[in-house]
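# A look at the structure
Given next are the chains, with one letter for each unit.
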Amino acid sequence: MPDPLSLSVRAAAQEIAAGRLSAEALAAACLDRIAAREPVVGAWHYLDPAAALAAARRRDAEPPRGPLHGIPIGVKDLIETADMPTGYGSAIYEGHRPAADAACVALARAAGAVVLGKTVTTEFACFTAGKTANPRNPAHTPGGSSSGSAAAVADGMVRLAFGTQTAGSVIRPAAYCGCVGYKPSFGLIPRAGVKPLADSLDTVGILARTVDDAAFFTGILTERRALREVRMPPSPPRFGLYRTPMWGEAEPSTIAALDRARAALERAGAWVAEIVVPSEHQTLTAAQETIMGFELVRALADERLNHSAELSPRLAQLLDAGMAVGADAYDAAIAETAAARARLDGFFGPCDAMLVPAAPGEAPPGLGYTGNPVFNRMWTLLGVPCLTLPAVSGDSGLPTGVQLVGRVGDDARLIATGLFLERALAETA
């Protein structure tokens, strides 16, 4: 038996189902890794090793529940769990115990998954950082707001974890930490039981070690067989290389990551074409900020009105900015978004996916600043599926990712292009 932590999710589930690996042994391997690395990384907000092992033993003692039977997962602390505290990254909710699991957690458990614990989130999934450090270089940020989930997965503590994205909170930390981040099409994974931030934007996503791990997990949760059984495309896909209106924000490492990904794709036989920025994309980043600001003020109305003294200065500033957004500006941004979505089919044209930047560059130094979601905002706004993979590693040891973007609802095709890119990058390593 190889190291349990080296097994893919699919392989680990098969080993457990065949009786060659126990859920307890797999959970224990994860907990050993956490014990060794948590003092440096700080990925976990809540962890009860005895309870996690007891849950794994219960899986070993019962008939298989489903295709995730015995698979350990992490859950971002923005997502509710009935048997563990859910603090939403805020002192206001310290020790808070929800009455029920969030829908995505309940679905994962019904399929047999074992929740190891709650991973660190920034305050209400905004920009005030938690304790987590980048596992590749602890002097740098892991990104936000799914910081704990990205760091735990990238550091080998667990192969799967839930994240959420309202601006760039799955894609950016995955790019910074060097793991796979998958933000599905808007609404694909149910949001019930996730603390709202901006109802038009909030999306449950997945942090994983590989593209297949992310697809397998999501396919099970959503009953999408095309995701659960996704395969390499039968012929090389067609990619658009889209530098986006924000290309001026790209740092040398991101430029190098896009160049390497393009070269790897072309070497593997893929068609890659430069895409011109359409006029309707020029102001989408600003539209996302407008919508997020307006909706944030309303989603956190109780906290803003009744607990303002317990909010961080950074969140207070965001709320003040949101208060300045009028309904007319909000409605105009919603209409602008709808018009841009209506033109997406023409934008993609013959392309199966767009290759775009995932973040401005490597993870910034320090733990107080989680980085800039400038290369994520417009895609979250449009509701399209997004996937990031590590592409290059700099002299500091920090990775830089690239992002693939697909059509709304066409997640299986996006994931297939991700498998192709993942293999192309590996073959040129």
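None of the values given here were measured: they were computed from a predicted structure.

With that settled, the discussion passes to the overall build of the chain. A tally of helices and strands in the chain yields 16 helices and 11 strands. Compactness check: the chain gives a C-alpha radius of gyration of 20 Å against a globular reference of 22 Å for 429 residues, within 12% of the reference. Dimensions of the chain, computed from C-alpha atoms along their principal axes, come out at roughly 60 × 60 × 40 Å. Burial analysis of the chain (429 residues in total) assigns 59% to the buried set. Within the chain, counting contacts between residues at least 6 apart in sequence, those at least 24 apart form 77% of the total.

Where empty space is left in the structure can be found by rolling a water-sized probe over the atoms. One pass over the full model with this rule turns up three cavities of 30 Å³ or more. Taken as a whole, the largest cavity holds about 90 Å³ of empty space. Considering the residues around the largest cavity, the lining is formed by P4, L5, L7, S8, V9, A12, L26, C30, I71, P72, V158 and R159. When residues of the lining of the largest cavity are traced back to their parent elements, those giving at least two are α1 (9-17) and α2 (23-41). Within the lining of the largest cavity, the residues separate by chemical class into 10 nonpolar, one polar and one charged.

To continue, consider the packing of α2 against helix α3 (residues 49-61). Interhelical geometry of α2 versus α3 gives an angle of 160° and a closest axis separation of 7 Å. Judged on the interaxial angle alone, α3 and α2 are roughly antiparallel. Seen from above, α2 lies across α3 with right-handed handedness. Residues A23, E24, A27, A28 and L31 of α2 pack against P49, A52, L53, A56, R57, R59 and D60 of α3. Split by residue class, the contact of α2 with α3 holds eight nonpolar, no polar and four charged.

Under the definition given, this model contains 23 salt bridges. Between R10 and D212 there is a salt bridge, and its shortest N-O distance comes to 2.8 Å. Of the two residues, R10 sits in helix α1 while D212 sits in helix α7 (residues 211-222), which places them 202 residues apart along the sequence. Here R10 and D212 have matching classes, each one buried. Put simply, D199 and R191 hold a salt bridge, and the shortest N to O gap is 3.3 Å. Ionic contacts of the salt-bridge type, sharing partners, join the residues R243, R262, E266 and E274 into one network.

The rules we used
- Residues numbered from 1 in each chain as written.
- Predicted model: local features only at pLDDT ≥ 70, side-chain atom pairs only at ≥ 80, totals over all residues.
- Heavy atoms only, no water.
- Helix = DSSP H or I, 4+ residues; strand = E, 2+ residues; numbered from the N terminus.
- Rg over C-alpha atoms; globule rule 2.2 N^0.38 Å.
- Buried < 20%, exposed > 50% of the residue type's maximum accessible area, 1.4 Å probe, protein only.
- Contact = heavy atoms within 4.5 Å.
- 1 Å grid on protein atoms, 1.4 Å probe; cavity = no way out; pocket = protein on both sides within 12 Å on 5 of 7 lines; lining within 4 Å.
- Points joined across faces, edges and corners; volume = space filled by probe spheres on them.
- Nonpolar A, V, L, I, M, F, W, Y, C, P; charged D, E, K, R; others polar.
- Axes fitted to C-alpha atoms, helices over the stretch in contact; angles between N-to-C directions.
- Parallel < 35°, antiparallel > 145°, perpendicular 65-115°, else oblique.
- Left-handed = near helix turned anticlockwise from the far one by under 90°.
- Salt bridge = Lys/Arg side-chain N within 4 Å of Asp/Glu carboxyl O.

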